[in-house]
Amino acid sequence: MNCDPLARSYRWMEYAVFGTTLQRCRCCHLQGLQNPRSALVLGDGDGRFTARLAERYPDLRIDYLDISGNMIALARRRIERANAASMQRIRFHQGDARTAALRSESYDVIAAHFFFDFFSFADVELMISRMSALAAPGAAWIVSDFELPPNRLSALWARPLLRTMYLFFRFSVGLDNQRLSDWRAPLRAHGFSSRNACRLWAGFIVSELWIRGTE
Ligand SMILES: C[S@@+](CC[C@H](N)C(=O)[O-])C[C@H]1O[C@@H](n2cnc3c(N)ncnc32)[C@H](O)[C@@H]1O
């Protein structure tokens, strides 16, 4: 699986299908973080969330990790243009989140937006387990993802849309995974509890804020 060929058009395809909804979703918990000092952003693609995070928290150090060289180049350009000074606080890592050796930093925030849907449950579990080992006590984990709406009527349009999206990624970038994986159970298993949720498009698009060590 390689997202390089999609990197330049990714944002425009997203706007064509979802307008600005996904970006609203990525950013909906930005205000609620408690003075974070360090953050890890998994698979942020063209860097739109990383740019907003750096802007909102001017002292935050950020590790950005993505497997695609083209996505990283776009993210760098975007952040350089928007806020060149923040580049000193952001480290860009190219690697596979399942295996990449990260510094043994203690992160206050970990974010994964529209990322876990690319992986099998075993991979999601593995990544949450690896990254949780790097999370500080009280750390926040923000996950945005798609979900089949509980309402049957909404599931009637959401199911074929999700299927089409998976087929698109299978043929465009060679994505093997073709179904949503549970990320809540592994987060719970690693001591995180759900604190807040944004649900858009009848619950098809969700973003949740999880905090470690709270009930
Ligand atoms: C669907 S895009 C989501 C991008 C962005 N997070 C967003 O909200 O739109 C998935 C991103 O994950 C990256 N990716 C895929 N597999 C990865 C892996 N094993 N490790 C790290 N990044 C990966 C891709 O390069 C791509 O940028």
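Please refer to the structure higher up on the page.
Residues numbered from 1 in each chain as written. Predicted model: local features only at pLDDT ≥ 70, side-chain atom pairs only at ≥ 80, totals over all residues. Heavy atoms only, no water.

Which parts of the structure should I look at to understand the site of the ligand?
The environment of the ligand is made up of 20 residues, and the closest members are Arg26, Gly43, Asp66, Ala97 and His113. In the model, a nitrogen atom of the ligand is placed 3.5 Å from a nitrogen or oxygen of the glycine 95 main chain. Measuring from a nitrogen atom of the ligand, one finds a side-chain N or O atom of aspartate 96 at 2.9 Å. Coverage of the ligand by the protein chains reaches 98% of its 590 Å² of free accessible surface. (Near = heavy atom within 4 Å. Polar contact = N/O pair within 3.5 Å; in protein donor to acceptor, adjacent residues only side chain to side chain. Areas by Shrake-Rupley, 256 points an atom, 1.4 Å probe, with all protein chains shown as cover.)

Honestly, the state of the cysteines in this entry has me stumped. Any pointers?
What makes a disulfide is a covalent bond joining the sulfur atoms belonging to two cysteines. The final tally for this structure, using the stated rule, is one disulfide. Here cysteine 28 is linked by a disulfide to cysteine 198, with a sulfur-sulfur distance of 2.0 Å. Around the S-S axis, the bridge from cysteine 28 to cysteine 198 shows a dihedral of about 115° and counts as right-handed. Taken together, the residues cysteine 28 in the loop between α2 (21-27) and β1 (38-42) and cysteine 198 in strand β6 (residues 192-200) connect sequence positions 170 residues apart. We classify cysteine 28 as partly exposed; its relative accessible area is 30%. Residue cysteine 3 stays outside any disulfide, its sulfur separated by 19 Å from that of cysteine 25, the closest cysteine. Look at cysteine 3 and you get buried, because its relative accessible area is 13%. (Disulfide = S-S within 2.5 Å. Helix = DSSP H or I, 4+ residues; strand = E, 2+ residues; numbered from the N terminus. Buried < 20%, exposed > 50% of the residue type's maximum accessible area, 1.4 Å probe, protein only.)

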